[in-house]
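Spelled out, the chains give:
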Amino acid sequence: MEIREIKQRLSILTVLNHYKLKPDRHQMLKCPFHEDDQPSLKIYAETNTFNCFGCNANGDAIEFIQRKENLGKHQALTKAAELCGEPKPINNKPKSQPVQNHTEILTKIFSYFQNGLNSGVAIKPKEYLQERGLDYKLLEAGYNSGQFHHRGKLSDKDQQACIDAGLLIPYGGNIPKAKGKTYTPFAKDCIIFPLKNRQNQITGIYGRSITNNKNAKHYYLKNRTGLYPGYPKPNTTKLILTEAIIDAATLLQILEITARFETLSCYGVNGLTTEILQAIKELPNLEEIVFFFDGDKAGTEAVEKYREELFNELPGVKLSAVETPEGEDINSLFLNYDKDAILQLIDERKTAPLNLPEGETLEQEQTELLVPSNNAAQVPSPSGKVRMGLSTANPEFITFTTPELQIILLGGINLQQLDRLRATVKITRADSTNPLHSIRHTIDLYHSDYLEKFINKASEQLETGTTVLRTALAELTDQIEKYRLAKIESRKEKRPQERQLTEAQKRKAIRYLSSPKLMERTNNDIGKTGMIGEENNRLLMYLVFTSRLREQPLHIISLGASGTGKTYLQEKISALIPEHHKLEITILSENAFYYFGQQELKNKLVLIEDMDGAENVLYPLRELQSKRKISKTIPIKDSKGNLKTITLKVEGPICLAGTTTREKLYEDNANRSLLIYLDSSKQHKEQIMNYQRAESAGRIKKDEEKQMTEFFKDMQTVLKPVKVRNPYAEYLVIPEHVFKPLRTNSHYLAFIETITFYHQYQREVKYEKSPSLGGVGEAYIETTLKDIEWANILLKDVLLAKADELSGECRRFFENLKGWLKTGNKASFYKNEIREAFRMNPNNLKYYLSQLLRYNYLKIVGGNRHKSGYEYEVTNTEEYRQLNQSLDNALDAALTNIKKRLAVGSVNNKRVIESVIHSTC
């Protein structure tokens, strides 16, 4: 029995009964997991879960067994399967082998349909689902392109099984050059939904055409069996019946509904089949059936017909119906009015007159509201009578009405302290206008002693029975608990979930990472995501972001003047990283970093849009960069008011990326990072503007860009942590004129290892020798010379900037100045000439000239301060070319030295030589 089936069949109440535990009428009991004087463990039968407010134990029925008997997960599942018992068959006839084959082939082909929907090429079906407001990632659905039997994809056995099941229909004519018989696929160009039996196996499928085919929209297999979305859970108390599968799928996306109701689809207005009816009859705890059919004549007549039929079939079960607006159905309501309209209509559902006790009217039927709704603020019903139940339309003025009492919670309730339920209440008798028949008091609904005293006092003043008061307050407490938990859940930050890939997506990503010329392909494909220009910087940044998965990630800071595209580059490249692997910061307080979970930032990409807006967090970020962890000790008060200290710990490592215009201001952070300067050339600006024009003209295929972006996320997901060894590291020497050589050297070596890490699917996995582990130690892959060559290409500008005395902007100005002098055949210049030629801000020009004079790149050769200004001359026009050349020579010399050593076999062992010869990039 599968875990999913166990969870569906095993009720938390069945588990409690097994251990002879019985909750009270408020579904509370003394917690068996700790010493408990008062009931603190709450049972939620609707969701089949439990939660203890004392020891915070919580979970489902299986976890209850695991805690109660102190079992492992597997043992608890075995015990749970025993408590489930054997599933009852629909009839006593044994299933024949063909039925089993039928289920197997449907399951296999439906898996193919699912892969088809999840593939990147399934654009039209995804667009159709999007138009219907359906999220294929949340629903169990597929797409039939009609290709599942082509090109030998099916074995002869599977093909015959498809024919027997009705998935393939023999075609009457013969197609030229076709081998053997030809077939028409069932439900081609359809979204596919599975129909399941009691054992949660697929026994039928439904197809909904995505084409505008008015004659054939709905497809069912012959001899249709199975229910959608499956058989209801045995502990179902409230069941919604929809007219169509699309409507049921819509409801399955609304958490407020799935938490309280089970959903079951009929197959049209005449589609409440014998199998559906039998499944409903077998629900022992069923209290209510809610019909939610279309708002047309056929839907209304079908509801009336089925309510009459079920009235005698299901005695004691409340039959109600949602009044769907004219011309609407569930799916159209969801599209046109969002989920709130559906929730409100379910709240206002009407019970059939024939199912009410004699003398009771429709308005007296109490309905529990699903969620707070602004429309629920109207306590009077359309008939003018008081509406029963809880109304949370105004959170500061919550009302609860019974036939005898009206209770108002003035000021609302506290959503923070779950261990108490303190409220200021006003209780009034519903049948009296006497102001004396009203009481106001502040009480804690969880404090049973004081609550009992209050009930006795209120009973006297209101002149009503204590039982009436006690029952009303108990029901109020139960509903307020549900409301409060729903509000807390809705306020939780929706953090990105870990990216899940299908087997096909994994294979495609690994095939890409295994292909030759990976670096060139990666750079070209980054350009296909909408990243224009910056060919060197974009690949460099992508690899730095990839290093977040390693033990010692790299960090990167983008530098440049305002408007040069620093944020654009960072945003476009970070979009290639899965959402759950990154954290974006605009403004964050210094202390906030210490309150992340201990492992929450581990191997995360931390993005700072503008470092000027995040100055407060730069210190803890530097610590996470260098030490890969931060900690802070703070004082707190315990439950008795005594002070004690606790230490907050947050672990790294992190990969940090940021942008700034002020390099010197963040020198401490810059020293720990690779620095890149953005391309501010006229040609690059023209590239971007051409792209903007094409985008405005509608010539950019945004869908293809989005697909490529998602594919990069898939590739990042399949990369796995693996050790990297660089057998050439001892022979790699960075140029001696690089500033801060210690950190620069570590960055250089780490970047080479990152390139190797990115090629992990192209490298042989080797193992260290370890006598303690039987001769096999840690796995690793090795760096190749090609990795070093790529590192030299990508890091050349970074190393050049590290070796340059001038800042990036000052160097860019100086090189433009030298070019201007050479073009004009000038030997000297005045400041006013440069300001006019370059149209520069005078303050910036003054700063650049002072820096160049300070480092002796310029000298004053004439003029004076008070008249025409000083005359300047460049001291050495070739210094930057010489610096560039010396850097190239140093990097090339290191590679040449390694190659010479390999040629003469002087590297430590022959194994390294062989790995270099046979490696591919």
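These numbers come from a predicted model, not from an experiment. (Residues numbered from 1 in each chain as written. Predicted model: local features only at pLDDT ≥ 70, side-chain atom pairs only at ≥ 80, totals over all residues. Heavy atoms only, no water.)

1. What to know about the sheet that holds strand β27 (residues 674-677)
Remark on secondary structure: sheet strands pair via backbone hydrogen bonds, oriented parallel or antiparallel.
Then, in step 1: Spatially, β22-β23-β26-β21-β27 is the arrangement adopted by the 5 strands of the open sheet, whose pairing is parallel. Unpaired on one side and paired on the other, β22 (582-585) and β27 mark the two borders of the sheet. Going across the sheet, the axis of each strand differs from the next one's by a mean of 15°, ignoring polarity.
Then, in step 2: By the bridge criterion, 4 bridges tie strand β21 (residues 556-559) to strand β26 (residues 654-660) in an arrangement that is parallel. Residue pairing across strands places Ser558 opposite Thr659, the latter belonging to β26. (Pairing = 2+ DSSP bridges. Helix = DSSP H or I, 4+ residues; strand = E, 2+ residues; numbered from the N terminus. Axes fitted to C-alpha atoms, helices over the stretch in contact; angles between N-to-C directions.)

2. Quick look at the confidence of the model for the protein
Then, in step 1: Scored by pLDDT, the protein has a mean of 81; 86% of the residues are at 70 or more.
Then, in step 2: Within the protein, the element-level pLDDT minimum falls on helix α29 (residues 910-918), averaging 46, and the maximum on strand β12 (residues 262-265), averaging 95.
Then, in step 3: Across residues 371-387 the pLDDT falls below 50, and counting only partners more than four positions away or on other chains, this stretch makes 35 contacts in the model.
Then, in step 4: This model gives residues 906-910 a pLDDT under 50, and the stretch forms 6 contacts once residues within four places in sequence are excluded. (pLDDT = per-residue confidence, 0-100. Contact = heavy atoms within 4.5 Å.)

3. Some points on the state of the cysteines
Then, in step 1: Counted according to the given criterion, the structure contains 0 disulfides.
Then, in step 2: With no disulfide of its own, Cys52 has Cys31 as its nearest cysteine by sulfur position, at a separation of 3.6 Å. (Disulfide = S-S within 2.5 Å.)

4. Re the environment of Ile191
Then, in step 1: With respect to the secondary-structure elements, Ile191 resides in strand β8 (residues 190-196).
Then, in step 2: Linking Ile191 and His218, residues 27 residues apart in sequence, is a C-alpha distance of 9.9 Å.
Then, in step 3: Setting aside anything within four residues of it in sequence, one finds Ile191 in contact with Pro125, Tyr128, Leu129, Ala141, Gly142, Tyr143, Tyr206, Gly207, Arg208 and Ile210.

5. A look at the side chain of Asn792
Then, in step 1: As for its placement among the helices and strands, Asn792 is situated in helix α24 (residues 785-803).
Then, in step 2: Every residue in contact with Asn792, bar those within four places of it in the chain, is listed here: Tyr748, Leu891 and Leu895.

6. Focus: a negative patch on the surface
Then, in step 1: Among the surface-exposed residues, Glu571, Glu584, Glu609 and Asp610 lie close enough to one another that they form a single negatively charged patch.
Then, in step 2: Within the secondary structure, Glu584 is located in strand β22.
Then, in step 3: A relative accessible area of 58% means that Glu584 is categorised as exposed. (Patch = residues over 30% accessible without salt bridge, like charges linked within 9 Å, V, L, I, M, F, W, Y side chains within 5 Å. Areas by Shrake-Rupley, 256 points an atom, 1.4 Å probe, with all protein chains shown as cover. Salt bridge = Lys/Arg side-chain N within 4 Å of Asp/Glu carboxyl O. Lys, Arg positive; Asp, Glu negative; His and termini not counted. Charge placed at Lys NZ, Arg CZ, Asp CG, Glu CD. Buried < 20%, exposed > 50% of the residue type's maximum accessible area, 1.4 Å probe, protein only.)

7. Here we look at the pairing of β26
Then, in step 1: Of all 7 residues making up β26, 7 are buried, and the element is well covered by its neighbours.
Then, in step 2: With 5 bridges connecting them, strand β23 (residues 604-608) and β26 associate as parallel partners. For Leu607, the partnering residue across the bridge sits in β26 and is Ala657.

8. Focus on helix α23 (residues 741-758)
Then, in step 1: For α23, built from 18 residues, the straight-helix expectation of 26 Å at 1.5 Å per residue is met to within 8% by its first-to-last C-alpha distance of 26 Å.
Then, in step 2: Taken together, the buried positions of α23 are occupied by Thr744, His747, Tyr748, Ala750, Phe751, Ile752, Thr754, Ile755, Thr756, Phe757 and Tyr758. (Expected span 1.5 Å × (residues − 1).)

9. What about helix α22 (residues 702-718)?
Then, in step 1: Over its 17 residues, α22 runs 25 Å from end to end, which matches the ideal 24 Å to within 8%, given 1.5 Å per residue.
Then, in step 2: The complete set of buried residues in α22 reads Glu705, Met708, Thr709, Phe711, Phe712, Lys713, Asp714, Met715, Gln716, Thr717 and Val718.
Then, in step 3: Looking at the buried side of α22, the elements it contacts are α15 (503-513), α16 (518-527), α17 (535-546), α21 (682-696) and α23.

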